[in-house]
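As a plain string of letters, each chain reads:
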Amino acid sequence: QVQLVDSGGGLVQAGGSLRLSCAASGRSLSAYVMGWFRQAPGKEREFVACISRSAGSTDYADSVKGRFTISRDNAKNTQYLQMNSLKPEDTAVYYCAAASVLRLMTRRMGEYDYWGQGTQVTVSS
């Protein structure tokens, strides 16, 4: 069993930056593919980014590519999402998640086994 706690959200102006963190307890995060998803009001939850167990590979949604960077520190049992050049359309609740899939990475929400509680990111124009 893994418990994930998201943090780092807040209110920021367009063009600004935020860094989200996801701290894990219960098991080592090195056993999991890690990902970030987000859900805006009235919309479905969507994939943002994911990272392989060794952090050697990453994948991003087209909407955030070049602006967001996912990373992880297995020694600290924590993953991060650095968000730069934020836009109002990035406003959402952001969730970290852990997947025990055998593949290198996955974008599929249904394959993630554990979820954080979410952290609100609001970008003002």
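Residues numbered from 1 in each chain as written. Predicted model: local features only at pLDDT ≥ 70, side-chain atom pairs only at ≥ 80, totals over all residues. Heavy atoms only, no water.

### Regarding the state of the cysteines
And then number 1: Enumeration over the complete set of coordinates arrives at one disulfide.
And then number 2: For C22, the disulfide goes to C96, at an S-S distance of 2.0 Å. On the S-S bond that ties C22 to C96, the torsion sits near 50°, and the link is right-handed. Of this pair, C22 sits in strand β3 (residues 18-25) while C96 sits in strand β9 (residues 92-99), placing them 74 residues apart in sequence. Like C96, C22 is buried.
And then number 3: C50 forms no disulfide, and the closest cysteine sulfur to it belongs to C96, at a distance of 13 Å.
And then number 4: Of the residues examined, C50 reaches a relative accessible area of 0% and is grouped as buried. (Disulfide = S-S within 2.5 Å. Helix = DSSP H or I, 4+ residues; strand = E, 2+ residues; numbered from the N terminus. Buried < 20%, exposed > 50% of the residue type's maximum accessible area, 1.4 Å probe, protein only.)

### Describing unusual backbone geometry
And then number 1: Despite not being glycine, N77 has its phi angle at roughly 55°, a positive value.
And then number 2: Topologically, N77 is positioned in the loop between β7 (68-73) and β8 (78-83).
And then number 3: One non-glycine residue, S85, lies in positive phi territory at about 50°.
And then number 4: Residue placement: S85 occurs in the loop between β8 and β9.

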